[in-house]
Amino acid sequence: MTPTLQELIESKRAKMPEQTNAFRVSDGYPWSDVFIDMLDNRLLISLRNCPLPKKLRRQLEATGLSVFVKQLDKDNKQVPEQIAGPILPLRFEIEENGVVYMMDMEAGYSQGIFLDQRDNRYELRQRCKHGNTILNTFSYTGAFSVCGAIAGAQTTTLDLARPCLDWCKVNMKLNGIDPESHHFCKGDTLHWLERFKRQGRRFDGIVLDPPTFSRDEKGRIWRVETDYEKLVALAFDCLTDHGWILCSTNCRKFSLEDFHAMVLAGAPNCKLTTSPMPVDFDGEPYLKCIWVDRRG
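About the cut-offs
Residues numbered from 1 in each chain as written. Predicted model: local features only at pLDDT ≥ 70, side-chain atom pairs only at ≥ 80, totals over all residues. Heavy atoms only, no water. Pairing = 2+ DSSP bridges. Helix = DSSP H or I, 4+ residues; strand = E, 2+ residues; numbered from the N terminus. Axes fitted to C-alpha atoms, helices over the stretch in contact; angles between N-to-C directions. Contact = heavy atoms within 4.5 Å. Core = buried A, V, L, I, M, F, W, Y, C linked by side-chain atoms within 4.5 Å. Buried < 20%, exposed > 50% of the residue type's maximum accessible area, 1.4 Å probe, protein only. Salt bridge = Lys/Arg side-chain N within 4 Å of Asp/Glu carboxyl O.

Engineer: Please provide a residue-by-residue account of the sheet that holds strand 3 (residues 42-47), values included.
Structural biologist: Read across the sheet, five strands follow the order 1-2-3-4-5 without closing on themselves; strand pairing throughout is mixed. If you trace the sheet from one side to the other, it starts and ends with strand 1 (22-27) and strand 5 (81-84), each paired once. Averaged over all neighbouring strand pairs, the angle between strand axes comes to 25°, with direction disregarded. Sheet topology places strand 2 (residues 34-39) next to strand 3; six bridges connect them, and they run antiparallel. For methionine 38, the partnering residue across the bridge sits in strand 3 and is leucine 43. Running at roughly 135° to strand 1, helix 1 (residues 5-15) makes contact with strand 1, strand 2 and strand 3 of the sheet.

In structure tokens form, the structure reads like this:
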């Protein structure tokens, strides 16, 4: 029997770790091309080239929660439309494994955090020791940096966009962390990795979670399918003898096996461990994540 929306919410909530109020409710099932996220006391509905099903709309209204709807279009910067429930602020906080993050419905394509990286953020906290140095590249709002800082690491947060770096500082403050005790770098990741290599600067952990396609400040194009191996190799040169790299991509153009080979080519003679997607993401396994451990 097809589960109701309320049954899905309760089922997914029961699988979440303590102190977590943000998770995926529906990952394309039972409503094809419809993705539903619980964000504290809000439901965000993301539609992939389809209208909101009428039967689902009635179930959404019956929850009594604030419901927002948007189309999954990377060029669409419109604010999600609220269609049901109490009117709530578009800027709010969510909690994940006891860590607090700022969300903003007006931010564009993403609202501030990628829920599919939850398990990797937790794993990073477990790997970090007090005094470790962590480099978070393509950082977006700096969630990995926040987790590293909470664990006692010295973090360096790198992104092309100044607003993202400022957002990371907000997230740090929400968790009682002084941003002034950490480093923030604006610019292209490849350029900074080359600079760190020349300077002899090394990190105990590096996060590589780039967009599938981007342009640097000079307009040069970067693509995951052709350039990821070089990215890993540059990061590998900036790693301490017993350091680690988290390699991640949501590119659908190649398989996990292809991605594994690409990562290994950039970081030879390392131990590679695949990280599956969180339990609430039970649809297409689009996200590929590999932890790379240098053998020393």
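Engineer: Could you give an account of the nonpolar core, naming the residues involved and the relevant values?
Structural biologist: Among the nonpolar cores identified, the biggest contains 35 residues, and Leu39, Ile94, Tyr101, Leu124 and Trp244 are the most heavily contacted of them. Every element with two or more residues in this core is listed here: strand 6 (91-96), strand 7 (99-104), helix 4 (143-150), helix 5 (162-174), strand 14 (239-249) and strand 16 (288-293). Element by element, the count of residues in this core is highest for helix 4, at five residues. Formed by 33 residues, the second largest nonpolar core is a distinct cluster that contains Phe138, Phe196, Leu239 and Cys251.

Engineer: Lay out the pairing of strand 2 with the relevant residues and their values.
Structural biologist: Of all the six residues making up strand 2, six are buried; the element is thus mostly covered by neighbouring parts of the structure. With burial as the criterion, each face of strand 2 is covered, one bearing Val34, Ile36 and Met38 and the other bearing Phe35, Asp37 and Leu39. Note: strand 1 against strand 2, five bridges, orientation antiparallel. When the bridges of strand 2 are listed, phenylalanine 23 appears paired with methionine 38. Joining the antiparallel neighbours strand 1 and strand 2 is a turn of six residues, in which glycine 28 adopts a positive phi near 95°. Where strand 2 folds back on strand 3, the antiparallel hairpin that results is connected by two residues, among which aspartate 40 adopts a positive phi of roughly 60°.

Engineer: How would you explain unusual backbone geometry if you had to name every residue and give the values?
Structural biologist: Trans peptide bonds make up the majority, and among non-glycine residues the majority have a negative phi. Residues tyrosine 29 and proline 30 are joined by a peptide bond in cis, for which omega reads 5°. Tracing the chain through its elements places proline 30 in the loop between strand 1 and strand 2. Phi is positive for asparagine 97, close to 50°, though the residue is something other than glycine. With respect to the element layout, asparagine 97 can be found in the loop between strand 6 and strand 7. Of the residues examined, asparagine 97 reaches a relative accessible area of 17% and is grouped as buried.

Engineer: Which residues make up helix 4, and what values do they have?
Structural biologist: Of all eight residues that make up helix 4, seven are buried, and the element is covered over most of its length. Restricting attention to buried positions, one finds in helix 4 the residues Ala143, Phe144, Ser145, Val146, Cys147, Gly148 and Ala149. Phi turns positive one or two residues past the end of helix 4, at glycine 152, with a value near 100°.

Engineer: Break down the pattern of salt bridges for me, with residues and values.
Structural biologist: Any two side chains of opposite charge can pair, given that their charged atoms come close. In the structure shown here, the tally under the stated rule is 13 salt bridges. Between arginine 13 and glutamate 10 there is a salt bridge, and its shortest N-O distance comes to 3.9 Å. Residue arginine 13 and its partner glutamate 10 are both found in helix 1; the two are separated by three residues, about one turn of the helix. Residue classification places arginine 13 among the partly exposed residues on the basis of a relative accessible area of 38%. With a relative accessible area of 41%, glutamate 10 lands in the partly exposed category. Note that arginine 127 and glutamate 123 form a salt bridge whose closest N and O atoms lie 2.9 Å from each other. Of this pair, arginine 127 and glutamate 123 are both found in helix 3 (residues 118-127), four residues apart, which corresponds to roughly one turn of the helix. In the salt-bridge network here, residues are joined through shared partners; they are Arg24, Asp27 and Asp37.

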